Amino acid sequence: MSGFIQNAWYVAAWAHEVPADGLFARTVIGEPLLLYRTASDEVVALEDRCCHRQAPLSRGRKEGDCVRCGYHGLKFDRHGICVEVPGMEAVPPKACVRSFPVVVHNKWIFVWMGDSTKADPALLPDTFSNDHPEWRYLPGYLHYETPYELIADNLLDFSHLSYVHAATLGGSEQIAQIRPKVERIERGIHVQRWVPNVPPPAYYQPLWDYGGLVDRWIEYEFILPATLLMHSGASPAGAARDDNRTGIRFHSCQALTPESAHSTHYFFQESHHATQGDAGTTQGLYEGLLAAFEEDRQMITAQWRSMSLKPDVPMLPLHMDAALTLFRRLVMQVLVEESNCKDSA
Amino acid sequence: MSGFIQNAWYVAAWAHEVPADGLFARTVIGEPLLLYRTASDEVVALEDRCCHRQAPLSRGRKEGDCVRCGYHGLKFDRHGICVEVPGMEAVPPKACVRSFPVVVHNKWIFVWMGDSTKADPALLPDTFSNDHPEWRYLPGYLHYETPYELIADNLLDFSHLSYVHAATLGGSEQIAQIRPKVERIERGIHVQRWVPNVPPPAYYQPLWDYGGLVDRWIEYEFILPATLLMHSGASPAGAARDDNRTGIRFHSCQALTPESAHSTHYFFQESHHATQGDAGTTQGLYEGLLAAFEEDRQMITAQWRSMSLKPDVPMLPLHMDAALTLFRRLVMQVLVEESNCKDSA
Amino acid sequence: MSGFIQNAWYVAAWAHEVPADGLFARTVIGEPLLLYRTASDEVVALEDRCCHRQAPLSRGRKEGDCVRCGYHGLKFDRHGICVEVPGMEAVPPKACVRSFPVVVHNKWIFVWMGDSTKADPALLPDTFSNDHPEWRYLPGYLHYETPYELIADNLLDFSHLSYVHAATLGGSEQIAQIRPKVERIERGIHVQRWVPNVPPPAYYQPLWDYGGLVDRWIEYEFILPATLLMHSGASPAGAARDDNRTGIRFHSCQALTPESAHSTHYFFQESHHATQGDAGTTQGLYEGLLAAFEEDRQMITAQWRSMSLKPDVPMLPLHMDAALTLFRRLVMQVLVEESNCKDSA
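Residues numbered from 1 in each chain as written. Chains lettered and ligands numbered in written order. Predicted model: local features only at pLDDT ≥ 70, side-chain atom pairs only at ≥ 80, totals over all residues.

Draft legend 1. Expanded view of the overall build of chain A. Helices and strands together make up the secondary structure of chain A, namely four helices and 19 strands. Rg of the C-alpha trace for chain A: 22 Å, near the compact-globule value of 20 Å for 345 residues, within the 12% margin. Along the first, second and third principal axes, the C-alpha atoms of chain A reach 75 × 50 × 35 Å. Looking at the 345 residues of chain A, the share that counts as buried comes to 47%. For chain A, restricting intrachain contacts to residue pairs at least 6 apart in sequence, the fraction spanning at least 24 positions comes to 56%. (Helix = DSSP H or I, 4+ residues; strand = E, 2+ residues; numbered from the N terminus. Rg over C-alpha atoms; globule rule 2.2 N^0.38 Å. Buried ≥ 20, exposed ≤ 12 C-beta atoms within 10 Å, placed from the backbone. Contact = placed C-beta atoms within 7 Å.)

Laid out in structure tokens, this is it:
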């Protein structure tokens, strides 16, 4: 049984990371990938390892819609088929590298790492705010030297806002006091948290300089393989929710892509409504989010060091672990299913 | 059988390292510890690992005499008992972290890592010069990336003064030529070395600018777990020993605390008599000691690299290994005893 | 079966690296060596690990033709025999470190790592240009964090000049198109490559500012353990070969010495004919060579990372691998022979 779900769309990059010309390398669930764009702007994802001597193809060069290995010159087309070996008339039939289904969807480049016949675009997450005129953001990326599971745990229990993010996203111990509503949904978990009558967090400042108490809400789906889709916002305490004139709203898309068993790519954005604020607001919110996410990274990295030192120490399950426990169970189910499929195949 | 003696007082820190407010982290024999002070200035030592998700408690904050985890807000009292879980009425009985007996004794904070019912202050070493009006020093700390055993070996055979410290603490090959008197004592080894008619070492300069030959003496106990208590000094050759008017005297306390199987905390001071010299003298001697201890660190680290490259190469026992061989045997005895106790328990 | 051939001359250093006074340390096939010169300028190679407590002898000091350990003062003669233990009348007979046969031959210091009775100077490679009035060069050294085998592969297939070194040593895809002549020779492989009618590579510039097409030739032996001896050059297309008045000639000596199973010392020089150019030419060619060898190092290091990530991925053999496959087979034969000798001994 592999440690990662295979049959899923993983975010490999923000669309702007892969240039019109040139080659881009990123490792996804342990597999080094080469990403590049064709003349017609389609994104190609190939195994980043020449079949000849295993040099990374990303150290070679693009030739039209093909890539040529920078070591001994083998040339591969966009499907990974070798179309030229220098000094040979005919290319050996075995000369090829694996290619992966790719979809560019709302500014994220998704790759399908498992059985390509199962690559179904209907499984792509609804990341609408990534590419929508009503929403504005700056794109974020962080690299973690921890397993993705610990970051997923973090995103599935927002009680940590009260402690990790006291000075940024949190601002009140009330957040941790309140029990969220947690539900199983298709391929994931749905979480709702309603926090009435709390001071607004420092994070709101660039967008909303409100001094009184507010009602806050946080609602999100966390779906396989590890994507968060979240509505959140605040209104003056007691006022109507979701009213742009009196309160604020955010939509956030976040995706965790395991790089290896102990390192992770983290793609994220949190959009504010385009009718509110200007470019400076967007920049200010982005910087606030980065600062908060760095707080998470410090804590989770310290947690991982602690776990690595004594891997056999058990964790004590508490009420706030409801969503993360459900999600870990869901991942385990899918891993077992994928393992059974492979065994019976 | 654990690699470390459990039932012993280990130096965890110099007293000044643990602030009146705030949290201090240090790992002792593989166990991450959180140290802090209560309002009544008692030092607390807790397992630095929240029982919930294993985040280090040292990344949290002090609240009165309690500590609150910085991840999800569990609050622990000075005994390690969880007294609050945000969002829960009752705290689960299993919610606690281990606490360790602590004694602050002559400026060193000692922790007892084994069975706390056996934590006997009578076993604390006589580190009188750490806190005595007749003695003056500056406190030293070094971190080693080697097992503590190799540093103990070094301290149990001062023949190395002639070679490692030729330009600092040594100054004569005579030191290595002379056989010390080595005796087993209660929980340790007693070593005496009398070196007549040698040039004074450069190390003496800040305190004693004597140009002629001197008689030197070095006498110490090295006791479990790994503490050195040493009287040393020099007089003009042939003159009476221990006379502050004509010669010099030092008292040194040094303690090795394993951090892990291959890294070590080294706490040390070498005091001169308060009637001799001023603050500049103390500073000068401290700098000389640091320079010499850095010579040890370089050599022992190189030795460890050499051993790591070929772990199976045997060592050739020689006469100068008498004390260190005795001490290693003593440690092994205690490890076996502790292991038997555990098995029969 | 050891991973390295034992009975062979390995280059341990350029002669100028080992000073007239002082000690020099280098690890060869996993064995730390101490190198130094006697009063009569002979080079000594000893195991760099004191038999007492395994401190590296290279941290000690030279005393006449002996070396004294810097830890506890054991003194060893040039044959590795301990001749003094401080404080002991008689030296224990077991007190010695291994010594290795050494030959300084054409500016390279060779050590014999296996059975010293088999150390035959007739097996030294013909590195004449390393020390010849008709040839000029600057000595090169690189450290690789990869197994030596991958660098040997690189040197046994110059088709990579077209791709790795397009802007330095290569300059034409023709080099890769042409099949070299590959032959087994005594203890190695002979490779010839004739490349007519190509643009001259940028590398020639400091020596030969020729604008037209040229004929190039590359001829080398690659012999055990891992030494390249190469003639190469170029003439105006169609002109006579090896004519210093109209074209250029190089002779190159390169040696790979494994440091460990995954790191390598690389010694090299490429000489130009002394009748051509001046010191600036020699410097310019050296810098060009370094730039090109850095291109190799980047590629081979990336290849090694790729292989380390998935050690079980097979390589696809192609026609250009003829020489390297032959050489790997030859190495394997010798390893098996050495293993059988040991078993029957």
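Now that the structure is up, let's keep going.
Draft legend 2. Broad picture of the interface of chain B and chain C. If you look at the interface, chain B gives 22 residues, while chain C gives 19 residues. If you tally residues by element for the side of chain B that touches chain C, the top one is helix H3 (residues 279-309) of chain B, at six residues. A class-by-class count of the residues in the side of chain B that touches chain C yields 13 nonpolar, seven polar and two charged. (Nonpolar A, V, L, I, M, F, W, Y, C, P; charged D, E, K, R; others polar.)

Draft legend 3. Representation of the environment of valine 11 of chain B in the model. Residue and element names in this part refer to chain B. Note that valine 11 resides in strand E1 (residues 9-14). Separated by 243 residues in the primary sequence, valine 11 and glutamine 254 place their C-alpha atoms 9.8 Å from one another. In contact with valine 11, not counting residues within four places along its chain, are Trp108, Phe110, Ala255, Thr257 and Phe267.

Draft legend 4. Spatial organisation of the relation of the copies chain A and chain C. At an RMSD of 0.0 Å, chain A and chain C line up after a rotation of 120 degrees and a shift of 0.1 Å along the axis. What we have between these two chains is a three-fold relation. (Least-squares fit on C-alpha atoms with pLDDT ≥ 70 in both.)

Draft legend 5. Main features of the domain arrangement of chain A. All names here are of chain A. As assigned here, chain A comprises domain 1 (9-122) and domain 2 (129-335). Distance from the C-alpha centre of domain 1 to the C-alpha centre of domain 2: 33 Å. Between domain 1 and domain 2, the contact holds 11 residues from the first and 11 residues from the second. Take the side of domain 1 that touches domain 2: its biggest share by element is four residues, from strand E1 (residues 9-14). Split into classes, the residues belonging to the side of domain 1 that touches domain 2 amount to seven nonpolar, three polar and one charged. (Domains from an automatic or database assignment.)

Draft legend 6. Structural detail: the interface of chain A and chain C. Contact with chain A, which involves 20 residues of that partner, is made by 22 residues of chain C. Looking at the side of chain A that touches chain C residue by residue, the classes come out as 10 nonpolar, six polar and four charged.

Draft legend 7. Quick peek at the sheet that holds strand E11 (residues 108-112) of chain A. Residue and element names in this part refer to chain A. Strand order across the open sheet formed by three strands is E1-E11-E10, with antiparallel pairing between neighbours. Two strands close off the open sheet at either side, each with one partner strand: E1 and strand E10 (102-105). Looking at each pair of strands side by side, their axes are set apart by 30 degrees on average, direction ignored. Pairing between E1 and E11: five bridges, direction antiparallel. The partner of tryptophan 14 across the bridge, within E11, is tryptophan 108. (Pairing = 2+ DSSP bridges. Axes fitted to C-alpha atoms, helices over the stretch in contact; angles between N-to-C directions.)

Draft legend 8. Seen up close, the environment of tyrosine 204 of chain A. Residues and elements named next belong to chain A. Counting through the fold element by element, tyrosine 204 comes out in the loop between strand E15 (188-198) and strand E16 (214-223). With 122 residues separating them in the primary sequence, tyrosine 204 and leucine 326 have C-alpha atoms 31 Å apart. The contacts of tyrosine 204, once residues within four sequence positions are left out, are Ala234 and Ile248.

Draft legend 9. Spotlight on the sheet that holds strand E9 (residues 99-100) of chain B. Residue and element names in this part refer to chain B. Pairing is antiparallel across the open sheet formed by four strands, whose spatial order is E2-E3-E4-E9. Of all the strands in the sheet, the pair left with one neighbour each is strand E2 (24-28) and E9. Here five bridges tie E2 to strand E3 (residues 31-37), and the two strands are oriented antiparallel to one another. The residue of E3 that forms the bridge with threonine 27 is proline 32.

Draft legend 10. Local environment of the packing of helix H1 (residues 148-155) of chain C against helix H3 (residues 279-309) of chain C. Residue and element names in this part refer to chain C. Two elements in contact, H1 and H3, have axes whose closest approach is 10 Å; the angle formed by their N-to-C orientations is 130 degrees. Judged by the inter-axis angle, H1 sits oblique to H3. In this structure, H1 crosses over H3, and the sense of that crossing is right-handed. Contact residues: Leu150, Ile151 and Asn154 in H1; Asp296, Ile300, Gln303 and Trp304 in H3. Grouping the amino acids of the contact of H1 with H3 by side-chain chemistry returns four nonpolar, two polar and one charged. (Parallel < 35°, antiparallel > 145°, perpendicular 65-115°, else oblique. Left-handed = near helix turned anticlockwise from the far one by under 90°.)

Draft legend 11. Region of interest: the confidence of the model for chain A. Averaged over every residue, the pLDDT of chain A is 96; the share at 70 or more is 98%. This prediction of the complex comes with two scores: 0.95 for pTM and 0.95 for ipTM. (pLDDT = per-residue confidence, 0-100.)

Draft legend 12. Focus on the pairing of strand E15 (residues 188-198) of chain C. Residue and element names in this part refer to chain C. Bridge count for strand E14 (residues 181-185) against E15 is five bridges, and the pairing is antiparallel. Pairing of isoleucine 185 across the sheet is with glycine 188, part of E15. With antiparallel pairing between neighbouring strands as the criterion, E14 and E15 make up a hairpin whose turn holds two residues, including arginine 187 at a positive phi of roughly 55 degrees. The pairing of E15 with strand E16 (residues 214-223) spans nine bridges and is classified as antiparallel. Across the sheet, isoleucine 189 pairs through a bridge with phenylalanine 222, a residue of E16.

Draft legend 13. Layout of the environment of tyrosine 163 of chain B. Structurally, tyrosine 163 of chain B can be placed in the loop between helix H1 (148-155) and helix H2 (174-177). Overall, the presence of 25 C-beta atoms within 10 Å leaves tyrosine 163 of chain B in the buried class. As a C-alpha pair, tyrosine 163 of chain B and isoleucine 175 of chain B span 12 residues in sequence and 9.6 Å in three-dimensional space. Residues contacting tyrosine 163 of chain B, with those up to four places away along its chain left out, are Ala176 of chain B together with Gly70, Tyr71, His72 and Gly73 of chain C.

Draft legend 14. Inspection of unusual backbone geometry at higher detail. The peptide bond linking leucine 224 of chain B to proline 225 of chain B adopts the cis configuration, its omega dihedral lying at -5 degrees. One can find proline 225 of chain B in the loop between strand E16 (214-223) and strand E17 (227-236). Positive phi outside glycine occurs at lysine 107 of chain A, with the angle close to 75 degrees. One can find lysine 107 of chain A in the loop between E10 and E11.

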